[in-house]
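Listed below, chain by chain, are the residues.
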There are 2 protein chains.
Amino acid sequence: MSETLLSSRNLAFELYEVLDAEALTRRERFAEHNRETFDAALTTARGIAETLFAPHNRKNDEHEPQYVDGAAQLIPEVKPAVDAFLAAGFLNATRDFEAGGMQLPNLLSQACFAHFQAANAATSSYPFLTMGAANLIESFGSAEQKRRFLQPMIEGRCFGTMALTEPHAGSSLADIRTRAEPAADGSYRLRGNKIFISAGDHPLSENIVHMVLAKLPDAPPGVKGISLFIVPKFLVDEDGNLGPRNDVTLAGLFHKMGWRGTTSTALNFGDNGQCVGYLVGQPHQGLSYMFQMMNEARIGVGMGAVMLGYAGYLYSLDYARNRPQGRQPDGKNPSSPQVAIVEHADVRRMLLAQKAYVEGAFDLGLYAARLFDDTQTLASAAERAQALELLDLLTPIVKSWPSEFCLKANELAVQILGGHGYTRDYPVEQYYRDNRLNPIHEGTHGIQSLDLLGRKVAMNGGAALKRLLRLILDCCQRAAAFESLSALRQPLEQLLARLQAVTLALLGDLMSGKVNRGLANSALYLKVFGHTVIGWRWLEQAIRAEQGLAGGQAADRDFYQGKLQAARYFLTWEVPACQHELALLEARDATCLDMRDAWF
Amino acid sequence: MSETLLSSRNLAFELYEVLDAEALTRRERFAEHNRETFDAALTTARGIAETLFAPHNRKNDEHEPQYVDGAAQLIPEVKPAVDAFLAAGFLNATRDFEAGGMQLPNLLSQACFAHFQAANAATSSYPFLTMGAANLIESFGSAEQKRRFLQPMIEGRCFGTMALTEPHAGSSLADIRTRAEPAADGSYRLRGNKIFISAGDHPLSENIVHMVLAKLPDAPPGVKGISLFIVPKFLVDEDGNLGPRNDVTLAGLFHKMGWRGTTSTALNFGDNGQCVGYLVGQPHQGLSYMFQMMNEARIGVGMGAVMLGYAGYLYSLDYARNRPQGRQPDGKNPSSPQVAIVEHADVRRMLLAQKAYVEGAFDLGLYAARLFDDTQTLASAAERAQALELLDLLTPIVKSWPSEFCLKANELAVQILGGHGYTRDYPVEQYYRDNRLNPIHEGTHGIQSLDLLGRKVAMNGGAALKRLLRLILDCCQRAAAFESLSALRQPLEQLLARLQAVTLALLGDLMSGKVNRGLANSALYLKVFGHTVIGWRWLEQAIRAEQGLAGGQAADRDFYQGKLQAARYFLTWEVPACQHELALLEARDATCLDMRDAWF
């Protein structure tokens, strides 16, 4: 049977030929691991994903969660799947052995999780959000908070959410209105409304911990006045025993275009003035805490977008290989048999584009995951800080690029299946609907573009940007050793040089106070920056493919040839097209900035 | 209240400032019309669309047709809407007065119909398909067939379908297997299976006439052996009275991602050997008949795509004007009020792109509709033939360009609404799902690209292409009179010159037998050709806007400024980006052609 979630050959290529996962086992933290333990975890993940997650992916879509008597009900298949995930230890894959974890590198944890994301985006969201909330308490919670709230999450008895968005403010967190008043016992009483809270209610765990952004009475205005609170669905006593319901109510469910199996909730905090919350860390530091864990969440969202793209790519590839239709342009004899549509050049274009998007983004997502390991386990503090800076810089790309281009991959998968692709009898239309969420949640495309150009590239005097440019140039230099790669390398070098100049010019605008002008075309900048990064990752893959071909076994020839062809597609079809966007950025084109509301 | 279907100011601009609809009233056929009769028809269309079509657009989506006892059931709101459409005469808008029609120009009929397409794509499909089938019988049917089958359609008692696609063949009509055997009475007995037949069953009319492609026993293989048959759902006697059910059965309904209100059916013809059909015109000429009416159908599909884009654009514009969120980059004081999101440059970019796509494509669709009038009513046969050639050439663009770029507009509309846009509480996600069908039905994107490059540009020694190029150059020359338009004109001129050279080179390939190579990148050719055409239409609109500004009233200034800004967006942001695609075409880039199945 064809693989349906991801290509295990490609995953092995990424882990062991491109990203050198085995080198991680030489670090102290991962010393008890080796390729066998890595592969065992991956095999377990694949098995659970295929047998318990994938089979109810369509049913999740057809039977979305229902609001019944103030609670959200799910289809019965979700809980056994999530329970198997928990039992296999994936929730705590990266946690210490002694805390009940597998102490796996983040790279491997992400690679395992990718299988669940491909199999069932909606069901995988429940553990995903729990991992994020748990990591937040682990990083910033008090010892008592860890005992009362983190430990049940580690044990899988309590799930988590992130509650940021409010109805009147959306992306503008500076304007949230949820208030937290100190109570006599040292806890707080919250009052406010949050929307779009994924996994905000469900019957999968005995309790749910909401990580809520709110403002204290003395909070300064804006983002500097936001604090972070633990707000449990059920109160928990000092020994960790469940008490009565907290004053958090499920106001309703949102009915989405896709990703339907994950509850998207409106939550009311403190309708009766009795909503108990616990301050995490210091007052007014909530947003910085949230953003520290946002790196992980955004990598996760990016990988989720990749995996929807990947599943669609594999499905449409299989379909194209097995669907006879039409003939080659030079073989129109109607008495000859029809050919499989994979033989049509335009279908190959749509498959090749999908391959370039999903395998390029998959590489970047795993690269970011490995970088996260570097932030935790490199030998010196200086190296760890450098890795973190680079990860910070890349995060807007890791989140946004797959959200845009793996959605485009899904659009192509639908097209390859034609009329069938448009029906709910085939999975590709659901991937397309599911993936449309990714450019919106965890920071929209627009937010990512402002984060990149307005904050990240200039961080610490541009240190991370310089480091990234050095990495890309180094890759180009290594590629120069392969004459066969010169046509692939040159478009990247041309893009890189101009991107550097454009970046300096735009930062000049920002520093000289021309902020609106400098940021006006941030969407173009995000696109070009993303294509530069993915172009780099494809050139890196092409180098490894050439090395594989040189040393490799005959069985792998086709695999490496495919890598080279996808790299060729991306670097010669897509990368040079960015030159025009750079020209617009260079010229500070003001077409959008000058547009007036009244002119529409 | 904001307009929700289309901008009536923009429609007036198209009809009376760009396309000179009043000039048509000087033609004999339209001599009884004038601007008042045109506007009265438009007002009626808008009224019915707003009051009877739009209100059940979401309900159509939520309650898709059900298969009950061999028949398709619809929600009850569809029939009154369609009945009002029929009663107002829109089904026969272009038909002769004496045949009960309004004898309107096709341009006006299309402009009226656009309102229904924007209001409710699914419900508007039923009359749309009936108009297509009726025109086919009118053009090619015998007098008897017209009496028995066309007349009830004109009277709205009988609806129609087009039945082309079969399960094993999809786009490859050469391979259809439905057979038609001659019967003793001069009729035929059909046997075969068709899928994706829109409006193939419903309770809206007392009868349904299927226009079916099938093969006679002596048919030569391939597309030259296809004949066209009338196959009624209920048999009709010589006086037009309904008889028993014909042997056509509803095998099932397809469940689609969007466009759910229109039944998409699987039909079985002749399961019991008793399926009566009537040959239309000559044997083996069926495909050419079907293609002659396909011009209309494809313009209609293109306009349908435009109108879904248009409705989404207007909705997201209204939302952006009324949704406060965040502040300008240079005004971050959190105590200041939030601004409407239309003030953000990136939101303006997304609105401006939508405007450029939908108003550019709207102009092209109406231009094509007017050209259709020219094919019918220009004075000389030579002029009419020239118009038809040009329409033939433009048809793949009219169909495919809006299907791709107005879908992209819908994607942007969802993005502007953020998390709300992803929910079914707002209409934009449905527009996005509905519009995803348009690049597939009535000839996929791939089919359109082969039609354009493989057939249309070389037709009659390239006569139509030369005529189009002359029209575009003429537009550029007129634009040269406005210094303000030089930055808009130049990118189009640069594209045009290179497109001409590339076209010659590719036709050289095709004529020298390098067919696979010449057609390998037809998708790129379609994209660049389409952008050239839409760029031309935007330059034309910009000229009219400049003229309007020069002579105009103060109230119109904003409208014309908006036109100029959208033209600027399209011609300076989008058109120059095609240069890279032209370079790939010039180089006969073989990346996709060389890709091997085994390498994926």
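Conventions used here
- Residues numbered from 1 in each chain as written.
- Chains lettered and ligands numbered in written order.
- Predicted model: local features only at pLDDT ≥ 70, side-chain atom pairs only at ≥ 80, totals over all residues.
- Heavy atoms only, no water.
- Salt bridge = Lys/Arg side-chain N within 4 Å of Asp/Glu carboxyl O.
- Buried < 20%, exposed > 50% of the residue type's maximum accessible area, 1.4 Å probe, protein only.
- Helix = DSSP H or I, 4+ residues; strand = E, 2+ residues; numbered from the N terminus.
- Least-squares fit on C-alpha atoms with pLDDT ≥ 70 in both.
- Contact = heavy atoms within 4.5 Å.
- Lys, Arg positive; Asp, Glu negative; His and termini not counted.
- Polar contact = N/O pair within 3.5 Å; in protein donor to acceptor, adjacent residues only side chain to side chain.
- Buried area = accessible area lost by both parts, 1.4 Å probe.
- Nonpolar A, V, L, I, M, F, W, Y, C, P; charged D, E, K, R; others polar.
- Phe/Tyr/Trp six-rings, centres within 6.5 Å; stacked < 30°, edge-to-face > 60°.
- UniProt positions renumbered as here; feature names shortened; annotations may be inferred.
- Core = buried A, V, L, I, M, F, W, Y, C linked by side-chain atoms within 4.5 Å.
- pLDDT = per-residue confidence, 0-100.
- Pairing = 2+ DSSP bridges.
- Axes fitted to C-alpha atoms, helices over the stretch in contact; angles between N-to-C directions.
- Left-handed = near helix turned anticlockwise from the far one by under 90°.

A.B. asks: I would appreciate a short explanation of the pattern of salt bridges in the present structure.
C.D. replies: Opposite charge on two side chains lets them pair, provided their charged atoms get close. Within the structure shown, the criterion is met by 78 salt bridges over all chains. In this structure, the salt-bridge partner of Arg157(B) is Glu155(B), at a minimum N-O distance of 2.9 Å. Overall, Arg157(B) belongs to the partly exposed group, its relative accessible area being 30%. In this structure, the salt-bridge partner of Glu581(B) is Lys527(B), at a minimum N-O distance of 3.0 Å. In this pair, Glu581(B) sits in helix 19 (residues 578–586) while Lys527(B) sits in helix 17 (residues 522–551), placing the two residues 54 residues apart along the sequence. For Glu581(B), a relative accessible area of 16% gives the class buried. By relative accessible area, which is 19% here, Lys527(B) ends up buried. Here the salt bridges share partners, and the residues they tie into one network are Arg58(A), Asp61(A), Glu429(A) and Arg433(A).

A.B. asks: Looking at this structure, I do not really get the relation of the copies chain A and chain B. What am I missing?
C.D. replies: Note that the two copies of the chain are related through a rotation about an axis and a translation along the same axis. By a simple turn and slide, chain A fits onto chain B: the slide is 0.0 Å along the axis, the RMSD is 0.0 Å, and the turn is 180°. Here the transformation between the copies is reduced to the relation of a two-fold axis. Closest approach to the rotation axis among the C-alpha atoms of chain A is made by Ala577(A), whose C-alpha sits 3.3 Å away. Both copies present the same face, since 99% of the interface residues in chain A are matched by interface residues at the equivalent positions in chain B.

A.B. asks: What should I look at first to understand the side chain of Asp373(A) in this one?
C.D. replies: Residue and element names in this part refer to chain A. As for its placement among the helices and strands, aspartate 373 is situated in helix 10 (residues 345–377). Buried and unpaired, aspartate 373 has arginine 27 as its nearest opposite-charge partner, separated by 6.5 Å. Separated by 2.6 Å, the side chain of aspartate 373 and the backbone nitrogen of asparagine 106 make a polar contact. When residues no more than four places from it in sequence are discounted, the contact partners of aspartate 373 are Leu24, Arg27, Phe30, Pro105, Asn106, Leu107 and Leu378.

A.B. asks: I keep staring at the interface of chain A and chain B and nothing clicks. Help me out?
C.D. replies: When the parts of a complex come together, some accessible area is lost, and that lost area is often taken as the interface size. Across the contact, 95 residues belong to chain A and 94 residues belong to chain B. By the criterion of area lost to chain B, the three top residues of chain A are Tyr422(A), Trp573(A) and Phe600(A), representing 11% of everything that side buries. At the surface where chain A touches chain B, the tally comes to six salt bridges. Linking Arg424(A) and Glu64(B) is a salt bridge whose minimum nitrogen-to-oxygen distance equals 2.6 Å. When residues in the side of chain A that touches chain B are grouped by element, the largest group, eight residues, is from helix 18 (residues 557–574) of chain A. Partitioning the side of chain A that touches chain B into residue classes produces 41 nonpolar, 28 polar and 26 charged.

A.B. asks: Teacher, can you tell me more about the packing of aromatic side chains here?
C.D. replies: Note on aromatic pairs: each is described by the distance of the centres and the angle between the planes. Residues and elements named next belong to chain A. Taken as a whole and judged by the stated rule, the model has 53 aromatic pairs over all chains. For the pair tyrosine 315 and tyrosine 426, a centre-to-centre distance of 6.4 Å together with 80° between the ring planes defines the contact as edge-to-face. Here tyrosine 315 is found in helix 9 (residues 286–322), whereas its partner tyrosine 426 is found in the loop between helix 11 (381–421) and helix 12 (428–435), with 111 residues between them in sequence. Given the relative accessible area of 22%, tyrosine 426 is considered partly exposed.

A.B. asks: Got a minute to help me understand the UniProt feature "domain: Acetyl-CoA dehydrogenase-like C-terminal" (unreviewed entry) in chain A in this structure?
C.D. replies: Mapped onto this numbering, the UniProt entry annotates "domain: Acetyl-CoA dehydrogenase-like C-terminal" (unreviewed entry) at residues 473–595 of chain A. For residues 473–595 of chain A, the end-to-end C-alpha separation is 38 Å, with 80% helix and 0% strand making up the annotated structure.

A.B. asks: Looking at this structure, how should I read the nonpolar core?
C.D. replies: Considering soluble globular proteins, one finds that nonpolar side chains tend to be buried as a cluster. Counting 341 residues, the largest nonpolar core has Phe362(A), Phe529(A), Phe362(B) and Phe529(B) as its most contacted members. Among the elements that line this core, the one with the most residues is helix 9 (residues 286–322) of chain B, at 18 residues. In contact with Phe529(B), other than residues within four places in its own chain, are Leu393(B), Ile397(B), Leu452(B), Val457(B), Leu465(B), Leu468(B) and Leu499(B). Leu74(A), Phe149(A), Cys158(A) and Ile230(A) belong to the second largest nonpolar core, which has 39 residues in total.

A.B. asks: Explain unusual backbone geometry here, please?
C.D. replies: Generally, phi is negative for residues other than glycine and the peptide bonds are trans, each holding for most cases. For Ala199(A), which is not a glycine, the phi torsion comes out positive at approximately 60°. Tracing the sequence through the fold places Ala199(A) in the loop between strand 5 (188–198) and strand 6 (207–214). Of note in the backbone geometry, Arg588(B) takes a positive phi value of approximately 50° without being a glycine.

A.B. asks: Looking at this model, I keep getting lost on the environment of Asp451(B). Mind explaining?
C.D. replies: Residues and elements named next belong to chain B. The residue aspartate 451 is located in helix 13 (residues 445–456) in this model. Non-local contacts of aspartate 451, meaning those with residues more than four positions away in its chain, are made with Arg298, Pro396 and Lys456. Within the local environment of aspartate 451, its side chain forms a polar contact with the side chain of arginine 455, the two groups lying 2.6 Å apart.

A.B. asks: What am I meant to see in the confidence of the model for chain A here?
C.D. replies: Residues shown with low pLDDT carry predicted positions that ought not to be read at fine detail. Across chain A, the average pLDDT comes to 96, with 100% of residues at 70 or higher. Interface confidence in the predicted complex, given as ipTM, is 0.97; pTM for the same model is 0.98.

A.B. asks: So what exactly am I meant to see when it comes to the environment of Gly562(A) here?
C.D. replies: Among the structural elements, Gly562(A) can be located in helix 18. Look at Gly562(A) and you get buried, because its relative accessible area is 0%. For the pair Gly562(A) and Glu586(A), spaced 24 residues apart in the sequence, the C-alpha separation amounts to 36 Å. Filtering out sequence-adjacent residues up to four positions away, Gly562(A) remains in contact with Lys355(A), Met595(B) and Trp599(B).

A.B. asks: Would you mind going over the pairing of strand 5 of chain A with me for this structure?
C.D. replies: For a regular strand, side chains alternate in direction, first toward one face of the sheet and then toward the other. All names here are of chain A. The pairing of strand 4 (residues 179–182) with strand 5 spans four bridges and is antiparallel. Its bridge partner lying in strand 5, glutamate 181 is registered against arginine 189. Counted between consecutive antiparallel strands, the loop separating strand 4 from strand 5 contains five residues, among which glycine 186 sits at a positive phi close to 90°. As judged from the three bridges shared by strand 5 and strand 12 (residues 275–280), these two strands associate in the antiparallel manner. Counted as the bridge partner of arginine 189 is valine 276 from strand 12. Where strand 5 and strand 11 (residues 264–269) come together, five bridges link them in antiparallel fashion. Residue pairing across strands places asparagine 193 opposite asparagine 268, the latter belonging to strand 11.

A.B. asks: Looking at this model, I keep getting lost on the packing of helix 15 (residues 486–511) of chain A against helix 18 of chain A. Mind explaining?
C.D. replies: Geometry of a packed helix pair, given as the angle between the helix axes and the separation of the axes. Residue and element names in this part refer to chain A. For the pair helix 15 and helix 18, the least separation of the axes is 9 Å and the interaxial angle reads 35°. You can see that helix 15 and helix 18 cross each other, and the crossing is left-handed. Where helix 15 approaches helix 18, its residues Ala487, Leu488, Pro491 and Leu492 are matched on the opposing element by Leu564, Ala567, Arg568, Leu571 and Thr572. Of the residues that constitute the contact of helix 15 with helix 18, the class distribution is seven nonpolar, one polar and one charged.

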